[in-house]
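Each chain, letter by letter, is given below.
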Amino acid sequence: MTDLHPSDGDLAVETTEVRGLSVTRVTGDVDVVGVDLIRAELDAQLDLRPPALVADLSDVTVLGSLGIAALLETHHRAVAEGVPFTVVASRRSVVRPLRLTEVDRLLKVVPTLDDVATTRAG
């Protein structure tokens, strides 16, 4: 498990294993201050070659353009390495920017962690 907290306390990043999935849970605002932390954690998890990687953004309050770019970078690397990558998001503040930028057409976005297991099995 990796647990990373920047000094400002507005963002937390924690990775755990949930039902065989590597789940990186992000809490707080994903903006200029925290995006490097998230990018580094997702890269570190891909270095471990998990059977699947999940970015759980259920508790993200703001998703800025740099956060979207980090998700896209992770997606591209995951595809290249054959690791399924899924984003969990249900808050309007996260889902809306993904839809407006049409990034949700490229990324696999589901509303709950339970939906990740369901879509992997089906």
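Residues numbered from 1 in each chain as written. Predicted model: local features only at pLDDT ≥ 70, side-chain atom pairs only at ≥ 80, totals over all residues. Heavy atoms only, no water.

Peer 1: Residues and numbers for helix α1 (residues 35-47), please.
Peer 2: The first and last C-alpha atoms of α1 sit 18 Å apart over 13 residues, in line with the 18 Å expected at 1.5 Å per residue. Among the residues of α1, Val35, Ile38, Glu41, Leu42, Gln45 and Leu46 are the ones counted as buried. Seen along its axis, α1 keeps its buried residues to an arc of 135°; they face one direction. α1 presents Asp36 and Asp47 as exposed residues on the side facing more than 90 degrees away from its buried surface. (Helix = DSSP H or I, 4+ residues; strand = E, 2+ residues; numbered from the N terminus. Expected span 1.5 Å × (residues − 1). Buried < 20%, exposed > 50% of the residue type's maximum accessible area, 1.4 Å probe, protein only. Arc of directions from axis to C-beta.)

Peer 1: Please provide a residue-by-residue account of the confidence of the model for the chain, values included.
Peer 2: Chain-level pLDDT for the chain is 89 on average; 89% of the residues reach the 70-or-more range. The least confident element of the chain, judged by mean pLDDT, is strand β1 (residues 2-4) at 48; the most confident is strand β5 (residues 85-88) at 98. Below a pLDDT of 50 lies the segment residues 1-9, which in the model reaches 19 contacts outside its immediate sequence neighbourhood of four places, other chains included. (pLDDT = per-residue confidence, 0-100. Contact = heavy atoms within 4.5 Å.)

Peer 1: Can you explain the side chain of Thr74? Please cite residues and give values.
Peer 2: Tracing the backbone through its elements, the reader meets Thr74 in helix α2 (residues 65-81). Taking relative accessible area as the criterion, Thr74 reaches 1% and is therefore assigned buried. At a separation of 3.0 Å, a polar atom in the side chain of Thr74 contacts the main-chain carbonyl oxygen of Ala70. Beyond its immediate stretch of four places on either side in the chain, Thr74 contacts Leu42, Leu46, Leu53 and Phe85. (Polar contact = N/O pair within 3.5 Å; in protein donor to acceptor, adjacent residues only side chain to side chain.)

Peer 1: Before we move on, could you go through empty space enclosed by the protein and cite the residues and values that matter?
Peer 2: According to the stated counting rule, one finds one cavity of 30 Å³ or more in the structure shown. Considered as a void within the structure, the largest cavity measures approximately 50 Å³ in volume. In terms of lining residues, the largest cavity is bounded by Val30, Val35, Ile38, Leu57, Leu63, Gly67, Ala70 and Leu71. Broken down by secondary-structure element, the contributors of at least two residues to the lining of the largest cavity are α1, β4 (53-63) and α2. The element contributing the most residues to the lining of the largest cavity is α2, with three residues. Broken down by class, the residue content of the lining of the largest cavity amounts to seven nonpolar, one polar and no charged. (1 Å grid on protein atoms, 1.4 Å probe; cavity = no way out; pocket = protein on both sides within 12 Å on 5 of 7 lines; lining within 4 Å. Points joined across faces, edges and corners; volume = space filled by probe spheres on them. Nonpolar A, V, L, I, M, F, W, Y, C, P; charged D, E, K, R; others polar.)

Peer 1: Pulling in residues and values, what's your account of the side chain of Ser22?
Peer 2: Locating Ser22 in the fold gives a position in strand β3 (residues 21-30). Its relative accessible area of 9% is what places Ser22 among the buried residues. At a separation of 3.1 Å, a polar atom in the side chain of Ser22 contacts the side chain of Gln45. Excluding its chain neighbours within four sequence positions, the residues that come into contact with Ser22 are Thr15, Thr16, Gln45, Pro50, Ala52, Leu53 and Val54.

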